[in-house]
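Fold and contact review
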Amino acid sequence: MHSSFRDAVRVALNTYPVSRFRSVEERFGIVGFTLMLLFAMCQPLLAHEYKIGEIEIVRPWSRATPEGAKVAAGYAVIKNNGATPDRLVSVTGVIAGKAEIHEMAVDTKGVMTMRPLVDGLEIPAGGTVELKPGSFHIMFLNLQQAAKEGAAFRGALTFAKAGTVDVEFTVQGMGESGGHDKSHGGHGG
Ligand SMILES: [Cu+2]
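Since the structure is predicted, the reported quantities are computational estimates derived from the model, not experimental observations.

Description of the environment of Thr158
Mapped onto the elements, Thr158 comes out in strand β10 (residues 152-159). Taking the C-beta count within 10 Å as the criterion, Thr158 has 16 such neighbours and is therefore assigned partly exposed. Thr158 sits 66 residues away from Thr92 along the chain, and the two C-alpha atoms are 8.6 Å apart. Dropping the residues within four chain positions of it, Thr158 is found in contact with Val89, Ser90, Gly163 and Thr164.

Below is the structure:
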């Protein structure tokens, strides 16, 4: 009786720290695994890359707008890893009532202006198209809320072949390059 009690204590003393150690180790393993999983899940967000089919969208962004502004621009790099061309046909943004795909062009008076691409924007097979200030861009119209610097807003890009992909536009400061905003005068509505 007495010795079996001592054995029990010994067993308890020996196993308790071991099992405790194991459980801590396990817990640490789970935490590590969770962190790894979180990191893996956040990775596309951190890198701001989105994929659908053969289409890859890199770093969608927008520029902060002053309070009361009715338009904002959206930019991104669009890659087509496929062997056939695709076409960006429509865009949405939660801050806007409507969004269009625009290109910059010089009008008959030699003035830099922009026009909607009603047939969308072709992304060549194996090619990359950059939507950037002074070039192709997304035009968010009928803004329902301002694009705030440092914030982000959700949107979606629809391709003729690849389909629709949800993205998040990060909002950069108002000063971010361009010379593009002036030509937006005609858009006020
Ligand atoms: Cu525009």
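As for unusual backbone geometry
A positive phi angle is found at Arg59, which is not glycine, with a value near 50°. Within the fold, Arg59 resides in strand β2 (residues 55-63). Residue classification places Arg59 among the partly exposed positions, given that 14 C-beta atoms sit within 10 Å. Backbone geometry places Asn142, a non-glycine residue, at a positive phi of 50°. Note that Asn142 resides in strand β9 (residues 137-143).

Considerations on the nonpolar core
In this structure, Ile57, Ile78, Leu88, Ile138 and Phe140 are the most contacted members of the largest nonpolar core, which totals 29 residues. Secondary-structure elements contributing two or more residues to this core are β2, β3 (72-80), β4 (86-93), β5 (96-106), β7 (121-123), β9, β10 and β11 (163-172). Top contributing element to this core by residue count: β3, with five residues. The contact partners of Ile138, leaving out residues within four places of it in the chain, are Ala73, Gly74, Val91, Ala99, Ile101 and Leu131.

Parameters and conventions
Residues numbered from 1 in each chain as written. Predicted model: local features only at pLDDT ≥ 70, side-chain atom pairs only at ≥ 80, totals over all residues. Helix = DSSP H or I, 4+ residues; strand = E, 2+ residues; numbered from the N terminus. Buried ≥ 20, exposed ≤ 12 C-beta atoms within 10 Å, placed from the backbone. Contact = placed C-beta atoms within 7 Å. Core = buried A, V, L, I, M, F, W, Y, C linked by C-beta atoms within 7 Å.

Coordinates in, geometry out; function isn't part of it.
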